[in-house]
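# Structural characterization, general
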Amino acid sequence: MAKDESDVASEETPRLRPFWSGTISFGLVSVPVDLYPANRPKRVALRMLSPEGTPLARRYFDPEEEREVERDDIVRGFELDDGRMIVVTDEELEALEPAKTRDIDLRRFVPADAIDARFFDRGYFLTPAEGSNKAYRLLAAVMENTGRAGIATFVMRAKEYLIAIFAEKGILRAETLRFADELRSPEDVGLPEPAKPKPAAVKQMTTAINKLKKAELAENELRDEWADRLIALVEKKAKSGKDTVDMPEEAEAPADSDIIDLMAVLKRSLEGAKERTDERAAPKRAPARKGARKKSSSKAASKRPKAASKASSKASSSKRSNRRTS
Amino acid sequence: MAARAMWKGVLQLGTTEVPVKLYSAVEPRKVSFRLLHEGDEEPLRQRMVDPETDEEVEYDATRRGYPTDDGRIVILDADELDALEPEPSREIALTRFVPVSAIDARWYDRPYWLGPDDDEEAYFALAAALAENERAGVARWVMRKKEYVGALRVEDGYLMLVTLRHAGEVVSADALEAPGGRALDERELKMAEQLVAALTGEFEPEQYKDEYRERVMELIEAKAKGKTLPKKRARRKTAAGESLADALEKSLRAARQAA
């Protein structure tokens with residue numbers, strides 16, 4: 001069966017699982033870690049509906065046989081330039097993964113500010129796992145003290161990633177980087193040879209820049225105005241009850257189960273590790289704490305439209321999982 | 001071979017204008033597979049189906065819905081969505097210039113090269129001024145019916161516009177508490193520092209290859225020729241069952257020998 005993102009997201013977990021678990025190796029020191037996304041999804045993800053308002057499902061059809069194909073009967077194919085199709089199975093792809101897919105081998109450290117903006121792709125937090133507290137804190141402290149980032153490659157979910165690991169305020173985070181051959185240079189794009197501008201022109205630009213000079217970036221400047229407008233419209237319509245339908249139970253987007261309150265999960269993962277000081281006597285994984293869980297279900301009980309609040313996604317996911325288990 | 005510009009706009013710094021062309025700086029190299037029907041190996045077609053009737057719904061007949069937290073869907077019609085769309089514009093408005101380091105890398109999304117559009121003088125003057133002042137601009141613009149926020153930077157003497165994630169889309173470490181515990185051992189800290197120093201070098205991005213992708217392509221080529229690939233797996237390093245201090249000491253010795 002073909003794997004894709006929706007398979008991964010359909011795990012019926014009431015709490016956010018680590019996106020990946022593995023071990024950072026730093027010389028002969030091993031630091032088991034869990035990896036969680038540090039980016040939240042866009043605020044608005046619209047569903048596609050039928051004219052009657054039923055959420056649509058994506059199905060695959062064989063155009064020759066004019067019939068639907070079950071997921072188990074789907075394989076991957078690579079189309080060659082001559083039009084031939086080469087079938088590649090999951091087993092064949094798995095065999096290509098390095099045996100040490102659970103390893104992030106830090107063999108190179110670079111000045112933390114040495115990586116260009118264009119390389120950065122997605123962000124993740126790394127939290128200590130399996131009682132790696134001490135080694136984790138040691139690595140974070142040293143990287144922060146020396147202003148270094150660690151560089152490594154590793155394979156996660158059938159893709160190889162180049163990552164930079166940074167330490168910030170005692171917390172390790174990983175940024176996936178683009179590979180050099182995925183970036184186009186100014187020459188690739190065909191930009192003209194740099195011309196030396198006249199000093200007067202540069203001075204004029206500096207004046208224009210200085211007029212707009214600020215010390216910091218205000219997060220408010222990054223607001224998604226389209227999402228603001230859309231959510232305002234949704235709230236108005238939800239209040240009037242116009243054009244609203246009930247979500248059929250089976251149509252609830254499985255992808256949403258990934259959007260639990262990330263903050264709560266991260267705090268718990270970092271805190272869970274804090275309770276253990278002896279790195280060897282630690283349990284395999286900190287269990288979900290009951291208190292935190294209870295809180296989110298009570299939130300789910302209070303009905304309110306998915307307002308602009310980010311935290312509300314937590315309510316929706318735990319409600320969904322409650323419904324599934326009941 | 002020069003790439004085609006994907007969009008043209010005008011950088012607007014107050015009353016100063018710099019016309020630019022925009023090019024993608026990224027060329028993804030993911031191996032893309034098609035989904036096939038096992039057996040007849042026919043490429044599959046995706047359809048959006050009403051699960052209640054099992055009938056396909058043509059794209060033009062589809063509507064959009066926003067799922068609310070209380071289990072409802074608010075239906076949004078095409079004309080309502082159209083009304084929310086931003087006005088098309090060529091303007092790339094610079095709202096402020098901040099020190100380059102003030103924009104955390106985690107906000108970066110996709111990079112685009114900017115090229116001069118008929119006014120090279122203004123273009124390279126702005127690039128030089130940004131480099132001299134070590135500033136990055138914060139820009140807002142509308143491209144293909146979507147609103148973007150971006151950082152205007154200088155890379156290799158050229159202007160680059162990197163789209164930024166929207167507010168709320170980056171989880172800040174400020175709100176998190178680092179794992180705590182007993183004070184770290186001074187000797188271990190020192191050894192770890194030496195180990196990091198021994199492994200420190202330049203960032204050499206060309207050194208890293210997507211080897212998994214290369215192996216997938218090798219497999220495909222081998223299969224195209226009717227061959228199978230010999231099973232090859234990366235070596236497994238033996239796990240260290242020793243104490244942190246011992247592991248650090250051994251690693252340091254190894255790193256020094258390698259240097």
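None of these values were measured; they are calculated from a predicted model. (Residues numbered from 1 in each chain as written. Chains lettered and ligands numbered in written order. Predicted model: local features only at pLDDT ≥ 70, side-chain atom pairs only at ≥ 80, totals over all residues. Heavy atoms only, no water.)

This part takes up the overall build of chain B. Counting secondary structure elements, chain B contains five helices and 12 strands. In terms of C-alpha radius of gyration, chain B reaches 27 Å, well past the compact-globule figure of 18 Å for 259 residues. The principal-axis extent of the C-alpha atoms belonging to chain B is close to 70 × 65 × 50 Å. A total of 259 residues make up chain B; the buried ones form 48% of that total. (Helix = DSSP H or I, 4+ residues; strand = E, 2+ residues; numbered from the N terminus. Rg over C-alpha atoms; globule rule 2.2 N^0.38 Å. Buried < 20%, exposed > 50% of the residue type's maximum accessible area, 1.4 Å probe, protein only.)

With respect to burial, strand E6 (residues 74-79) of chain A is a largely interior element, five of its six residues being buried. The pairing of E6(A) with strand E3 (residues 34-37) of chain B spans four bridges and is antiparallel. Each bridged residue has a counterpart across the sheet, and for Gly77(A) the counterpart in E3(B) is Arg34(B). Here four bridges tie E6(A) to strand E7 (residues 85-88) of chain A, and the two strands are oriented antiparallel to one another. Bridge pairing links Glu79(A) to Met85(A) in E7(A). Count of turn residues in the E6(A)/E7(A) antiparallel hairpin: five residues, of which Gly83(A) carries a positive phi of about 90 degrees. (Pairing = 2+ DSSP bridges.)

Quick look at the sheet that holds strand E8 (residues 91-99) of chain B now. With mixed pairing, the seven strands of this closed barrel are ordered in space as E1-E2-E9-E12-E11-E10-E8 (chain B). Strand-to-strand, the axes of this sheet are offset by a mean angle of 40 degrees, without reference to chain direction. For strand E11 (residues 146-155) of chain B and strand E12 (residues 158-164) of chain B, the ladder comprises six bridges, and the chain directions are antiparallel. In the sheet register, Arg153(B) faces E12(B), and the bridge partner there is Met160(B). Its contacts with the sheet place helix H5 (residues 199-211) of chain A against strand E1 (7-13), strand E2 (16-24), E8 and strand E10 (135-143) of chain B, and it is angled at close to 90 degrees to E2(B). (Axes fitted to C-alpha atoms, helices over the stretch in contact; angles between N-to-C directions. Contact = heavy atoms within 4.5 Å.)

Each strand in a sheet pairs with another by means of backbone hydrogen bonds, the pair being arranged parallel or else antiparallel. All names here are of chain A. The mixed open sheet is built from eight strands, whose spatial order is E8-E1-E2-E10-E13-E12-E11-E9. In this open sheet, the two strands that pair with only one neighbour each are strand E8 (103-106) and strand E9 (108-111). Here the strands of the sheet are splayed against their neighbours by 35 degrees on average, with no regard to which way each runs. Note that strand E11 (residues 148-155) and strand E12 (residues 160-168) share six bridges and pair antiparallel. Bridge assignment links Phe154 to a residue of E12, and that residue is Tyr161.

Further remarks concern the pattern of salt bridges. When their charged atoms lie close together, side chains carrying opposite charge are able to pair. Enumeration over the complete set of coordinates arrives at 38 salt bridges over all chains. Residues Arg118(A) and Glu155(B) are paired through a salt bridge, measuring 3.7 Å at the closest nitrogen-oxygen approach. In this pair, Arg118(A) sits in the loop between E9 and strand E10 (120-128) while Glu155(B) sits in strand E11, so the two residues belong to two different chains. When salt bridges that share partners are traced, they join Asp116(A), Arg118(A), Arg153(B), Glu155(B) and Asp156(B) into one network. (Salt bridge = Lys/Arg side-chain N within 4 Å of Asp/Glu carboxyl O.)

What follows concerns the interface of chain B and chain A. In this complex, chain B contributes 166 residues to the contact, which on the side of chain A involves 175 residues. Carbon and sulfur atoms make up 61% of the surface buried where chain B meets chain A, a total of about 16300 Å² over both sides. At the junction of chain B and chain A, the tally comes to 17 salt bridges. The partner of Asp156(B) in a salt bridge is Arg118(A), and the shortest N-O contact between them spans 3.1 Å. Taken together, the links from chain B to chain A amount to 63 residue pairs in polar contact (both at pLDDT 80 or more). For the side of chain B that touches chain A, the element with the most residues is helix H2 (residues 120-133) of chain B, which contributes 12 residues. Here the side of chain B that touches chain A is composed, by residue class, of 86 nonpolar, 22 polar and 58 charged. (Buried area = accessible area lost by both parts, 1.4 Å probe. Polar contact = N/O pair within 3.5 Å; in protein donor to acceptor, adjacent residues only side chain to side chain. Nonpolar A, V, L, I, M, F, W, Y, C, P; charged D, E, K, R; others polar.)

Turning to the confidence of the model for chain A, a few remarks are in order. All names here are of chain A. Averaged over chain A, the pLDDT score is 78; the fraction of residues at 70 or greater is 74%. Within chain A, the lowest mean pLDDT, 33, falls on helix H1 (residues 5-9), and the highest, 97, falls on H5. Taken together, the stretch residues 1-15 has pLDDT below 50 and engages in 33 contacts with residues farther than four places along the chain or on a different chain. Confidence over residues 254-259 falls short of pLDDT 50; this stretch has 13 contacts with residues more than four positions distant or in other chains. (pLDDT = per-residue confidence, 0-100.)

Time to look at the packing of helix H3 (residues 133-146) of chain A against helix H3 (residues 186-198) of chain B. Put simply, H3(A) and H3(B) touch, their axes get as near as 9 Å, and they point 60 degrees apart. By the angle class used here, H3(A) and H3(B) are oblique. Between H3(A) and H3(B) the crossing geometry is right-handed. Contacts from Lys134(A), Leu138(A), Ala141(A), Val142(A), Asn145(A) and Thr146(A) in H3(A) reach Glu188(B), Leu189(B), Ala192(B), Glu193(B) and Val196(B) in H3(B). Looking at the contact of H3(A) with H3(B) residue by residue, the classes come out as six nonpolar, two polar and three charged. (Parallel < 35°, antiparallel > 145°, perpendicular 65-115°, else oblique. Left-handed = near helix turned anticlockwise from the far one by under 90°.)

Now for the environment of Ser89(B). All names here are of chain B. Relative to the helices and strands, Ser89 is located in the loop between helix H1 (78-84) and E8. In this structure the C-alpha to C-alpha distance between Ser89 and Met143, which are 54 residues apart in sequence, comes to 7.7 Å. For Ser89, the residues in contact, after removing those within four places along its chain, are Trp7 and Val142. In terms of polar contacts, Ser89 uses its side chain to reach the backbone amide nitrogen of Glu91, at 2.9 Å.

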